[in-house]
Amino acid sequence: MQLGKIEQVSIREQWRNEEYDFTPWLAREENIQLLGDEINLDLEVEGTEVPIGSYKADIVARDNNNRVVIIENQLEKTDHKHLGQIITYASGVEAKIIVWVCVQVTDEHRQAIDWLNEVTRADIAFFACEIELWRIGDSLAAPKFNVVAGPNDWSKAVKSTVENKELTDTKKAHLDFWNSFKAFMEESNTNLRMRQPNPQHWYTMAVGRSHFNISLTTNTQLKLLGCEIYIRGDKAKEAFSQLIARQSQIEAKLGELEWYELPDGKDCRIKLARHGDSKDKAQWPSLHAWLKEQSEAFYEVFSPIIRSLDL
């Protein structure tokens, strides 16, 4: 039996420049989730090189609880300058989660991150993560994130946040429905990335671009189920205008949709709905099958169009 040899690759061999090479790479959906998986969060990038006072934050993101996340990149070992920057950025946008990504975390800065987690409020978390590259033989280099410093028992805390929360009967019903749906999707080998469900009437999936997602919804009062494209942010109206210009092309593949520009708000929605009671477990197999079919179809049709929008 022949086995390959694992070799570590120099970071600078892959990314020569932090701002122009590494940050754009990390900001891509599939890569930011590698980092998110390491700290047990679903992350969606809001922007790169975001002005904060006279400085610029490398990446500003949000997690699935809508908390602001600051990510500061450093393709070398940690230094005092970047430590000061992450604190400055965090205060400038009232970030709840701050992630310092670097090649090497020194002992002094690991202790500093540990101290910040001890003295700040419980709802604020600091992380120091090292980025590594590895390859086997002549394979492509593969990235690996390692959390060197972070809040004590963070993984357990994230996992138990929902489990230990006192839920109303309605919220518990939502959580049970989405947990069952997530299991159904994973067992059916879907290509869509499944996130950790929350006790709410919606469940979101990435569609390949910040400020857009597929949102699956349940309305237990009206007994309705929905699959929609949800668009938010300052460019939502412009994006909606470009999408509705291709309405006939989109509906030729997905059927007739409901188009909501929502002129009194910033966000927009493009929705398909059907009757169904998510509280009735006997209906779950058919409801899950419909949500799977529609979410995969929405991704196939909308994702390439959304990625190509001129915003």
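See the structure printed just above.
Let me sum up the structure you'll find in this document.

Conventions we followed
- Residues numbered from 1 in each chain as written.
- Predicted model: local features only at pLDDT ≥ 70, side-chain atom pairs only at ≥ 80, totals over all residues.
- Heavy atoms only, no water.
- Helix = DSSP H or I, 4+ residues; strand = E, 2+ residues; numbered from the N terminus.
- Polar contact = N/O pair within 3.5 Å; in protein donor to acceptor, adjacent residues only side chain to side chain.
- Buried < 20%, exposed > 50% of the residue type's maximum accessible area, 1.4 Å probe, protein only.
- Contact = heavy atoms within 4.5 Å.
- Axes fitted to C-alpha atoms, helices over the stretch in contact; angles between N-to-C directions.
- Parallel < 35°, antiparallel > 145°, perpendicular 65-115°, else oblique.
- Left-handed = near helix turned anticlockwise from the far one by under 90°.
- Nonpolar A, V, L, I, M, F, W, Y, C, P; charged D, E, K, R; others polar.
- Arc of directions from axis to C-beta.
- Salt bridge = Lys/Arg side-chain N within 4 Å of Asp/Glu carboxyl O.
- Expected span 1.5 Å × (residues − 1).
- Disulfide = S-S within 2.5 Å.

Quick word on the side chain of Asn146
Item 1. Take Asn146: it is sitting in strand E7 (residues 142–149).
Item 2. In this structure the side chain of Asn146 is engaged in a polar contact, spanning 3.2 Å, whose partner is the side chain of Glu132.

With respect to the environment of Val101
Item 1. By secondary structure assignment, the location of Val101 is in strand E5 (residues 97–104).
Item 2. In this structure Val101 comes out as buried when scored by relative accessible area, which is 1%.
Item 3. Through-space distance from the C-alpha of Val101 to that of Lys279 is 43 Å; in sequence the pair is 178 residues apart.
Item 4. Each residue touching Val101, except ones within four places of it in the same chain, is listed here: Phe22, Leu35, Ile71, Glu72, Asn73, Gln74, Cys129, Ile131 and Phe145.

Considering the packing of helix H4 (residues 80–93) against helix H5 (residues 107–119)
Item 1. Contact geometry for H4 and H5: axes closest at 11 Å, N-to-C directions at 20°. With respect to their mutual orientation, H4 and H5 come out roughly parallel. H5 is crossed by H4, and the crossing has right-handed handedness. Along the contact surface, H4 presents His80, Leu83, Ile86 and Ile87, while H5 presents His109, Ala112, Ile113 and Leu116.
Item 2. Its residues assigned to classes, the contact of H4 with H5 shows six nonpolar, two polar and no charged.

A closer look at the packing of helix H7 (residues 169–187) against helix H10 (residues 284–308)
Item 1. Two numbers describe how H7 lies on H10: the axes approach to 10 Å, and their chain directions differ by 65°. When the axes of H7 and H10 are compared, the crossing they make is right-handed. Of the residues in H10, those touching H7 at Asp176, Phe177, Trp178, Ser180, Phe181, Phe184 and Met185 are Trp284, Leu287, His288, Ala289, Leu291, Lys292, Ser295 and Glu296.
Item 2. Among the residues forming the contact of H7 with H10, the class breakdown is nine nonpolar, three polar and three charged.

A word on helix H9 (residues 247–254)
Note: α-helices contain 3.6 residues per turn, so residues at a spacing of three or four share the same orientation.
Item 1. If you check which residues of H9 are buried, you get Ile250, Glu251 and Leu254. Within H9, the buried residues cover an arc of 95° as seen down the axis, which keeps them to one side. Exposed side of H9, more than 90 degrees from the buried face: Ser248, Ala252 and Lys253 are the residues found there.
Item 2. Tucked into the core, H9 has its buried residues touching helix H8 (236–244), strand E11 (258–260) and H10.
Item 3. Among the residues trailing H9, Gly255 stands out with phi positive, at a value near 90°.

Considering the pattern of salt bridges
Item 1. Evaluated as defined, the whole model comprises 17 salt bridges.
Item 2. Across the pair Glu296 and Lys292 runs a salt bridge whose closest N-O atoms are separated by 3.1 Å. Taken together, the residues Glu296 and Lys292, both in helix H10 and four residues apart, mark about one turn of the helix.
Item 3. Connected through shared salt-bridge partners, Glu44, Glu46, Arg62 and Arg232 make up one network.

A short note on H7
Item 1. The first and last C-alpha atoms of H7 sit 27 Å apart over 19 residues, in line with the 27 Å expected at 1.5 Å per residue.
Item 2. Taken together, the buried positions of H7 are His174, Leu175, Phe177, Trp178, Phe181, Lys182 and Met185. The buried residues of H7 occupy an angular sector of 165° when projected down its axis, which confines them to one face. The exposed residues of H7 that point more than 90 degrees off its buried face are Asp169 and Glu187.

Observations regarding the state of the cysteines
Each disulfide consists of a covalent bond between the sulfur atoms of two cysteine residues.
Item 1. In this structure the tally under the stated criterion is zero disulfides.
Item 2. Cysteine Cys268 shares no disulfide, and the gap to the nearest cysteine sulfur, in Cys227, comes to 17 Å.
Item 3. By relative accessible area, which is 0% here, Cys268 ends up buried.

Observations regarding unusual backbone geometry
Item 1. The residue Glu94 is not glycine, and still its phi comes out positive at about 55°.
Item 2. Structurally, Glu94 can be placed in the loop between H4 and E5.
Item 3. The exposure class of Glu94 is exposed, given its relative accessible area of 64%.
Item 4. Not every positive phi belongs to a glycine, and Asn189 is a case in point at roughly 60°.
Item 5. Note on placement: Asn189 falls in the loop between H7 and strand E8 (202–206).

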